[in-house]
Structures are given as C-alpha cells and as structure tokens.
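Chains, contacts and geometry: an overview
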Amino acid sequence: MSRNPDDVKTVPLTPEVYAYLLAQAEPPSPVQEQLITRTRALGGPAEMQIPHEQGVFLTLLAKLTGARRIVEVGTFTGYSTIALAEGLVPGGQVITCDISEEWTSIAQEAWKEAGVADRIDLRLAPALETLAALPPEPVIDLVFLDADKTGYRAYWDQLVPRVRPGGLLLADNVLYGGEAARADAEGNGLAIREFNAHVRADDRVESVLLPIADGLTLARKR
C-alpha cells in the first residue's frame, strides 16, 4: 500500500494492535502479575503504574547502558523499580525516591518476592532533598522520572550534572494525555509542556520524545 509522504506514519494503537504489541514483549513474571493485580485494586491511583511493555523497555535500557547506578524519582508500588533493578549489572543499585509509606510498602513486598530487594535503596523523603544530598560527581548511569509533574524541571536540573557522559535520562508522561501538545495547556499539562521545552533547549543532552504509553522522553548526556 502506497502512503502519502506527509502522512503520520505512527500506527494508531487500537486494542487489537496493542494486544499484538504486548505479545511481542517478554511476558510478566508471576510476581509482576500479582503486583499488577494488587495495584489495580487501589482504584484511581492504579493509573500511575507503568504498562508492562514500558517496564520491559526500562530493563533493556538498563542492560544496554551497563547500568550500575540508577536513580528513580517516583516509586509508587514498585513495578518500574523491579524493571530497573533487573537490568542492573551485578553489584548495582537503584535509588528510588517517594513520600508514600502506604504505596511503597506494597513495593517492598514485591521486591522481596522478585528477589531484587537487595539492589534497591528506597528513600522516603521529598525527592528534591534526596537528590540534592547525592554526591555531585557525574556517576549516575540512568535516571527515570515518574513523579509529580510540576517537579520534573527541578528534578532534571538536580540530576543532569550527576549523570555520566553517555548516561540516560528518561521522563514519563511527557504527552500527558495529549495535553502537553496544546498551547492553552493548564496545570500538569502546562508543567509538562514547559518541561519538554526545557529539555529541548538543554544543550547538555540530546533527546527524543517517544510515543510509548503516555509519552517517554529519552535523553543522552553529552
């Protein structure tokens, strides 16, 4: 079938296409299946859990970078933390930041079940405090931002100097349901729109926004 070269080439993600996409990823482990089920039982907050294919992608990126030091901002119930921890080199560590004891207690149980608890350092405190207290040297291999959207820019500016050259920074929800594309965006949509502009103007990195789930920025430290 011929295409108009001006047509958008991204395939619409219908339920049928999405099911096919999921079938091409490594399936969830029993622990991941249990965590998905337990998180769904939370109701509305469950939407904060990353989709499984995004978790597979995080694991692959951690492996591709040979990650030893990972920082995650936003733990929730720990699905993405498991994915990142599974991609670490032996002896590596994920520092993950959150403020909810309730949600991270679910995460900690899942980490133990998955056999990765010894690779994870949970820090319960405002993320900016945790990040500002990290060593200033550029030794972080990979960053994953998935927390309060109004805080993204401040987290980014704390972390970019601490990422090694060639290291990766990932930011989730950078389409924010499509609101980030609107010139009249408000609230979290506006915060994400301004964050995206900040990333594009940041000459410390080279970046691309990928249409994975709710949008995922992938940036490489120069």
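Everything below is about the structure printed above this text.
Notes on the structure in this doc start here. Remember, predicted model here, so these are calculated numbers, not experimental data.

Conventions used here
Along each chain, numbering runs from 1 in the same order as the chain's sequence is written. For this predicted model, a pLDDT threshold of at least 70 governs which residues receive local features, and a threshold of 80 or more governs which side-chain atom pairs are given and counted, while totals over whole chains, interfaces and linings are taken from all residues. Side-chain figures throughout are based on the complete set of non-hydrogen atoms in the structure, without hydrogens or water. When accessible area is computed with a 1.4 Å probe and restricted to protein chains, residues below 20% of their type maximum are described as buried, those above 50% as exposed, and intermediate ones as partly exposed. Each helix is a run of DSSP H or I of at least 4 residues and each strand a run of E of at least 2, with the numbering of both proceeding from the N terminus. In summary, the pairing rule links any two rings of Phe, Tyr or Trp, Trp by its six-membered ring, whose centres are within 6.5 Å, and it sorts them by plane angle into stacked for under 30 degrees, edge-to-face for over 60 and tilted for everything else. Here an angle of 0 to 180 degrees is reported between the N-to-C directions of two axes, which are lines fitted to C-alpha atoms, with helices fitted over the stretch in contact. The labels follow the angle: roughly parallel below 35 degrees, roughly antiparallel above 145, roughly perpendicular from 65 to 115, and oblique for the rest. By convention the crossing between two helices is left-handed if the near helix lies anticlockwise of the far one by an angle smaller than a right angle, and right-handed if it lies clockwise. Contacts are assigned to residue pairs that have any heavy atoms within 4.5 Å of one another. Three classes are used: nonpolar for Ala, Val, Leu, Ile, Met, Phe, Trp, Tyr, Cys and Pro, charged for Asp, Glu, Lys and Arg, and polar for all others, with Gly counted as polar.

Before going further, it helps to spend a moment on helix H4 (residues 79–86). Of all eight residues that make up H4, seven are buried, and the element is covered over most of its length. Of all the residues in H4, the buried ones are Tyr-79, Ser-80, Thr-81, Ile-82, Ala-83, Leu-84 and Ala-85.

Scanning the entire structure with this criterion turns up three aromatic pairs. Where Trp-156 meets Phe-195, the ring centres are 5.6 Å apart and the plane angle is 80°; that geometry is what we call edge-to-face. A residue pair is termed long-range when its members are at least 10 positions apart, and Trp-156 in helix H7 (residues 152–159) and Phe-195 in helix H8 (residues 187–200) qualify at 39 residues. Both residues of the pair, Trp-156 and Phe-195, belong to the buried class.

Where helix H2 (residues 30–40) contacts H4, the two axes come as close as 10 Å, and the packing angle between them is 160°. Viewed along their axes, H2 and H4 adopt a mutual orientation that is roughly antiparallel. When the axes of H2 and H4 are compared, the crossing they make is left-handed. In this structure, H2 contributes Gln-32, Leu-35 and Ile-36 to the contact, and H4 contributes Tyr-79, Ile-82 and Glu-86. Among the residues making up the contact of H2 with H4, the classes are represented as four nonpolar, one polar and one charged.

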